[in-house]
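As a plain string of letters, each chain reads:
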Amino acid sequence: MLISFSFSNWKCFRDEVTFSLVAGREKHFTDRLPRVSKYKLKILPIAAIYGANASGKSALVSALAFAQNFIVGGTAPDQKIPLKPFLLDKEHKNMNSSFSFTILVDELIYEYSFTLSREKVIYEKLDLILKNSVKNIFERSGEGKKYKVQINNVAKEYREALKFIGKHTIRKNQLFLTGTIYQNSDCFRPIYNWFKNSIVIIEPESQFIPILSLASEKNKDLYSKLLNALDTGISDLTLQKRDVSKIEQKMLNTIFRDRIKNDEEYFMPDYGSKDRTVYRISRDHIEANEIFSVHKDVDGEPVDFSFADESDGTNCLLDLLPAFIELKNQTGKVYIIDELDRSLHTKLSKSLLKYYLNSCNENSRSQLIFTTHDVMLMDQNTFRRDEFWVTDRSSEGVSSLYSFSDYKDIRSDKDLRKYYLQGNLKGIPRILISELYSDID
């Protein structure tokens, strides 16, 4: 689980901000809060992030995405680190960027942090958080000849190998944690695997790979049932074989290449938001099936529709359903959805959120973080106050991040929508409407 994420000097965020999923003291919906009894800690299963356009919502998501990609994939030997610092301040334009995670892995809490320049890793540290103390596992610091990795609390069988890796094989633009995986050391693999497998980021235009599970007849029936229940007009989904010989060789080469990269038996390339062809690959054989939606005509007879003929909202829903099914099944993943409400009706969005929240309890380990503009979801009958966050941009272009729980005057019976739209919680557009009208005239 993600407990907190802090970062600084990234896009519109100049100063350090912290996004925390530690539950506050309020007693609203406490029965659905995941509990880590060893630490006497309650964690939020969901968080909604509001804010005006260009206030920093997507920048926060991109900071998470960058950190995950840098941990899991790293960089090529001569590649510069692709940082995106705050550009509206000459001083910060060339300053380092920092990232820090507090995470729950196998019921233990770790804090992993690193500081980067475009050329190298400046600092890196991994701590194990205990109930009453902190144990440093490793710390990387210095540069040039003074550069070093200090190995502390690790099992004896890993210690010498880690010292060798730290001294002889880690590149300056590579994280030590990532480097140990590339050198086939399993010491930090549970933490690495958490970043690789547990964080799933869904951006507005991305096609969500778990839709591949539609290739399973059992899962197809579940998707069909949910799409029908959500009033899309779809009564069923069907898979129809495509003639592989008519698929361009260039596309086939890409599919085989990405099959190796994604290590999936089924693969659906992201050629467009409405391309719904699933490819089953084994060695040099490829099978293609296109997903069709089934509607009933006026006589009750089934009619197949290509998803190219379905609405943007229906296509968006098909991409999001696998995430919500996995969330409801409590797979332990952290889903981060940028612009949850794109092309979706408010009532549909709320139904999906409740579908997940009804599965949450003290033993849950899944989480959902999403950005949205939909103020109709800002409802204390569905969410806790500490599950609402807002990004705000100053006149200098500097973004900040706040939790609604930071505002002590928000009672449990307050109309949050009205309070937010009045500007009392920040994060709304500052439109100079009179000047706008003057320009129009």
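Since we're looking at a predicted model, the values are computed, not measured. (Residues numbered from 1 in each chain as written. Predicted model: local features only at pLDDT ≥ 70, side-chain atom pairs only at ≥ 80, totals over all residues. Heavy atoms only, no water.)

Enquirer: Would you mind showing me how to read the packing of aromatic side chains here?
Expert: The geometry of two aromatic rings is summed up by the distance between their centres and the angle between their planes. The full count for this structure, using the stated rule, is 20 aromatic pairs. With centroids separated by 5.2 Å and ring planes inclined at 20 degrees, the aromatic side chains of Phe5 and Phe7 adopt a geometry described as stacked. Here Phe5 falls in the buried class, since its relative accessible area comes to 0%. Overall, the relative accessible area of 1% leaves Phe7 in the buried class. Through pairs of rings, three or more aromatic residues link up here, namely Phe5, Phe7, Trp10, Phe13, Phe66, Phe70, Phe99, Phe101, Tyr112, Phe114, Trp194 and Phe195. Against the face of Tyr355 rests Lys328, its NZ or CZ located 4.8 Å from the ring centre. (Phe/Tyr/Trp six-rings, centres within 6.5 Å; stacked < 30°, edge-to-face > 60°. Buried < 20%, exposed > 50% of the residue type's maximum accessible area, 1.4 Å probe, protein only. Lys NZ or Arg CZ within 6 Å of the ring centre and 35° of its normal.)

Enquirer: What's the story with the pattern of salt bridges in this structure? I'm lost.
Expert: Any two side chains of opposite charge can pair, on the condition that their charged atoms come close. Applying the stated criterion to the full structure yields 12 salt bridges. The shortest N-O distance in the salt bridge between Glu26 and Arg385 comes to 3.7 Å. Here the residue Glu26 occupies a position in the loop between β2 (17–20) and β3 (35–36), and Arg385 occupies one in the loop between β18 (367–371) and β19 (388–393), the gap between them amounting to 359 residues. For the pair formed by Glu26 and Arg385, the shared burial category is buried. Glu124 is paired through a salt bridge with Arg140; the nearest N and O atoms lie 3.3 Å apart. One end of the pair, Glu124, is in strand β8 (residues 121–129); the other, Arg140, is in strand β9 (residues 134–141), with 16 residues separating them in the sequence. Here Glu124 and Arg140 have matching classes, each one buried. Residues participating in the shared-partner salt-bridge network are Arg14, Asp15 and Asp89. (Salt bridge = Lys/Arg side-chain N within 4 Å of Asp/Glu carboxyl O. Helix = DSSP H or I, 4+ residues; strand = E, 2+ residues; numbered from the N terminus.)

Enquirer: Would you mind going over unusual backbone geometry with me for this structure?
Expert: If a residue is not glycine, its phi is most likely negative; likewise, a peptide bond is most likely trans. A positive phi angle is found at Asn9, which is not glycine, with a value near 55 degrees. Looking at the element boundaries, Asn9 is found in the loop between β1 (2–8) and β2. Despite not being glycine, Ala54 has its phi angle at roughly 65 degrees, a positive value. Inspection of the secondary structure puts Ala54 in the loop between β5 (46–51) and α1 (57–72).

Enquirer: Would you mind showing me how to read the sheet that holds strand β20 (residues 399–403) here?
Expert: Hydrogen bonds between backbone atoms are what pair the strands of a sheet, whose relative direction is either parallel or antiparallel. Taken together, 6 strands build an open sheet; the order of strands is β11-β17-β18-β5-β19-β20 and the sheet is mixed. The open sheet terminates on both sides in strands that have one partner only, identified here as β11 (199–202) and β20. Along the sheet, successive strands turn relative to each other by an average axial angle of 15 degrees, direction set aside. Direction of pairing for β5 relative to β18: parallel, over a ladder of 4 bridges. Looking at the pairing, Ile46 lines up with Leu368 of β18. (Pairing = 2+ DSSP bridges. Axes fitted to C-alpha atoms, helices over the stretch in contact; angles between N-to-C directions.)

Enquirer: Would you mind going over the sheet that holds strand β7 (residues 108–116) with me for this structure?
Expert: Pairing within the open sheet is antiparallel, and its 7 strands lie in the order β2-β1-β6-β7-β8-β9-β10. Looking at strand neighbours, the two that pair on one side only are β2 and β10 (148–151), the edges of this open sheet. Within the sheet, the average angular offset between the axes of one strand and its neighbour, ignoring direction, is 10 degrees.

Enquirer: Could you clarify how one ought to interpret the packing of helix α8 (residues 312–328) against helix α9 (residues 346–357) in this entry?
Expert: Helix-helix packing is described using two parameters, namely the angle between the two axes and the distance between the axes. Interaxial distance between α8 and α9 falls to 8 Å at its minimum, and their mutual angle equals 25 degrees. As the angle between them shows, α8 and α9 are arranged roughly parallel. The residues of α9 that touch α8, namely those facing Leu317, Leu321, Phe324, Ile325, Leu327 and Lys328, are Leu348, Leu352, Leu353, Tyr355 and Tyr356. Across the contact of α8 with α9, the residue classes break down as 10 nonpolar, no polar and 1 charged. (Parallel < 35°, antiparallel > 145°, perpendicular 65-115°, else oblique. Contact = heavy atoms within 4.5 Å. Nonpolar A, V, L, I, M, F, W, Y, C, P; charged D, E, K, R; others polar.)

Enquirer: Explain the pairing of strand β17 (residues 334–337) to me, please; I cannot follow it from the model alone.
Expert: Sheet faces and side chains relate simply in a regular strand, where the side chains alternate between the two faces. Of the two faces of β17, the one carrying Val334 and Ile336 and the one carrying Tyr335 and Ile337 are both buried. The pairing of β11 with β17 spans 4 bridges and is classified as parallel. Each bridged residue has a counterpart across the sheet, and for Ile199 the counterpart in β17 is Val334. Pairing between β17 and β18: 4 bridges, direction parallel. Within the sheet, the bridge partner assigned to Tyr335 lies in β18 and is Leu368. At this point the chain moves from β17, through α9, to the parallel β18, and the crossover so formed is right-handed. (Right-handed = clockwise from strand over helix to strand, strands pointing away.)

Enquirer: Which parts of the structure should I look at to understand the packing of α1 against helix α5 (residues 189–198)?
Expert: Following both chains from N to C, one finds α1 and α5 inclined at 130 degrees, their axes separated by 9 Å at the closest point. Regarding the angle of α1 to α5, the classification is oblique. In this structure, α1 crosses over α5, and the sense of that crossing is left-handed. On the side of α1, the interface is formed by Gln68, Ile71 and Val72, while α5 contributes Tyr192, Phe195 and Lys196. Partitioned by chemical class, the residues of the contact of α1 with α5 number 4 nonpolar, 1 polar and 1 charged. (Left-handed = near helix turned anticlockwise from the far one by under 90°.)

Enquirer: Just to check I follow, could you spell out the pairing of β9 for this structure?
Expert: Bridge count for β8 against β9 is 6 bridges, and the pairing is antiparallel. Across the sheet, Glu124 pairs through a bridge with Arg140, a residue of β9. In this antiparallel pair of consecutive strands, β8 and β9, the connection spans 4 residues.

Enquirer: Could you clarify how one ought to interpret α9 in this entry?
Expert: Given 3.6 residues per turn, any residue in an α-helix points the same way as the ones three and four places further on. Its 12 residues place the ends of α9 16 Å apart at the C-alpha level, agreeing with the 16 Å of an ideal helix rising 1.5 Å per residue. For α9, the complete set of buried residues consists of Leu348, Ser349, Lys350, Leu352, Leu353, Tyr356 and Leu357. (Expected span 1.5 Å × (residues − 1).)

Enquirer: Help me out: how do you make sense of the side chain of Glu26 in this one?
Expert: A relative accessible area of 16% means that Glu26 is categorised as buried. Within the structure, the side chain of Glu26 is placed 3.5 Å from the backbone nitrogen of Asp386, a separation counted as a polar contact. Apart from the residues lying within four places of it in its own chain, the contact partners of Glu26 are Arg384, Arg385 and Asp386. (Polar contact = N/O pair within 3.5 Å; in protein donor to acceptor, adjacent residues only side chain to side chain.)

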